[in-house]
Amino acid sequence: TGIVTLFAQLARARRPLLVYEDGRIVRDFVYIDDVVESLVAAVERPVPHPRLLDIGSGVATTIHDLARRVAELFDSPEPTVVNKFRDGDVRAASCDIESAMTELSWLPTWSLDKGLLALLKWMDGRTEA
């Protein structure tokens, strides 16, 4: 949904981060390099009986926790939980990566914090150009 980059852009501009519902919506944030590595593993080690595998970090994170981490990185104001609801928003979406780890011999290596720091560095590089 792009919430990580949206929060990063707002926090960088020192604008408030608004967190919908009660802030306890759960997502699994995975860094793009880990997704790419999982795809490489799937090509290099195809499973005998193809099926869907969850690819993610394997860590459920609340949107409020994400917002706090992003705000802290950019030294922006504390996020505000607004208790507004959006139609169709999924309450919880996280991954069980056990099968992917076993069948593909794959393991995510990027933590949320490491990924957020990489995003910050990338954003800083883009503004200097």
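Going by the structure above, here's the rest.
In this text the structure is predicted, and so the values were computed from the model without any measurement.

### A look at the environment of Thr80
Following the sequence through the fold, Thr80 ends up in strand β4 (residues 80–81). Judged by relative accessible area, which is 38%, Thr80 ranks as partly exposed. Distance from Thr80 to Leu18, taken between C-alpha atoms, is 5.1 Å for residues 62 residues apart in sequence. Excluding residues that lie within four positions of it along the chain, Thr80 makes contacts with Leu17, Leu18 and Val19.

### With respect to the layout of surface pockets
Counted as a void, the largest pocket has a volume near 510 Å³. What lines the largest pocket is a set of 18 residues, and nearest its centre among them are Val4, Thr5, Phe29, Val30 and Tyr31. Ranked by residues supplied to the lining of the largest pocket, first place goes to helix α5 (residues 112–128) with six residues. For the lining of the largest pocket, the residue count by class is twelve nonpolar, five polar and one charged. Quantified by volume, the second largest pocket comes out at close to 270 Å³. Lining the second largest pocket are 14 residues, and of these Ile3, Phe7, Tyr20, Ile63 and Arg86 sit closest to its centre.

### Details of the pattern of salt bridges
Applying the stated rule across the entire model yields ten salt bridges. Residue Arg24 pairs with Asp22 through a salt bridge whose shortest N-O separation is 3.9 Å. Exposure remark for Arg24: the relative accessible area of 57% places this residue in the exposed category. Of the charged contacts in the structure, one is a salt bridge between Arg27 and Asp89, with a shortest N-O distance of 3.2 Å. With a gap of 62 residues between them, Arg27 in strand β2 (residues 26–28) and Asp89 in the loop between β4 and β5 (92–93) connect regions that are remote in the sequence. Its relative accessible area of 23% is what places Asp89 among the partly exposed residues.

### Structural notes on the packing of aromatic side chains
In this structure the tally under the stated criterion is one aromatic pair. In this structure, Arg86 is placed above the aromatic ring of Tyr20, and the distance from its NZ or CZ to the ring centre is 5.2 Å.

### Observations concerning the nonpolar core
Phe7, Leu17, Leu66, Val70 and Phe74 are the most contacted members of the largest nonpolar core, which has 20 residues in total. Among the secondary structure elements, those contributing two or more residues to this core are α1 (3–12), α3 (63–74) and α5. Looking at which element gives the most residues to this core, the answer is α3, with six residues. Each residue touching Leu66, except ones within four places of it in the same chain, is listed here: Ile3, Val4, Phe7, Phe29, Thr61, Leu112 and Leu116.

### Details of α1
Of all the positions in α1, only Val4, Phe7, Ala8, Leu10 and Ala11 are classed as buried. Along α1, the residues classed as buried sweep out an arc of 165 degrees about the axis, all on the same side. The first or second residue beyond α1 is Arg14, which carries a positive phi of 60 degrees.

What counts as what
- Residues numbered from 1 in each chain as written.
- Predicted model: local features only at pLDDT ≥ 70, side-chain atom pairs only at ≥ 80, totals over all residues.
- Heavy atoms only, no water.
- Helix = DSSP H or I, 4+ residues; strand = E, 2+ residues; numbered from the N terminus.
- Buried < 20%, exposed > 50% of the residue type's maximum accessible area, 1.4 Å probe, protein only.
- Contact = heavy atoms within 4.5 Å.
- 1 Å grid on protein atoms, 1.4 Å probe; cavity = no way out; pocket = protein on both sides within 12 Å on 5 of 7 lines; lining within 4 Å.
- Points joined across faces, edges and corners; volume = space filled by probe spheres on them.
- Nonpolar A, V, L, I, M, F, W, Y, C, P; charged D, E, K, R; others polar.
- Salt bridge = Lys/Arg side-chain N within 4 Å of Asp/Glu carboxyl O.
- Phe/Tyr/Trp six-rings, centres within 6.5 Å; stacked < 30°, edge-to-face > 60°.
- Lys NZ or Arg CZ within 6 Å of the ring centre and 35° of its normal.
- Core = buried A, V, L, I, M, F, W, Y, C linked by side-chain atoms within 4.5 Å.
- Arc of directions from axis to C-beta.

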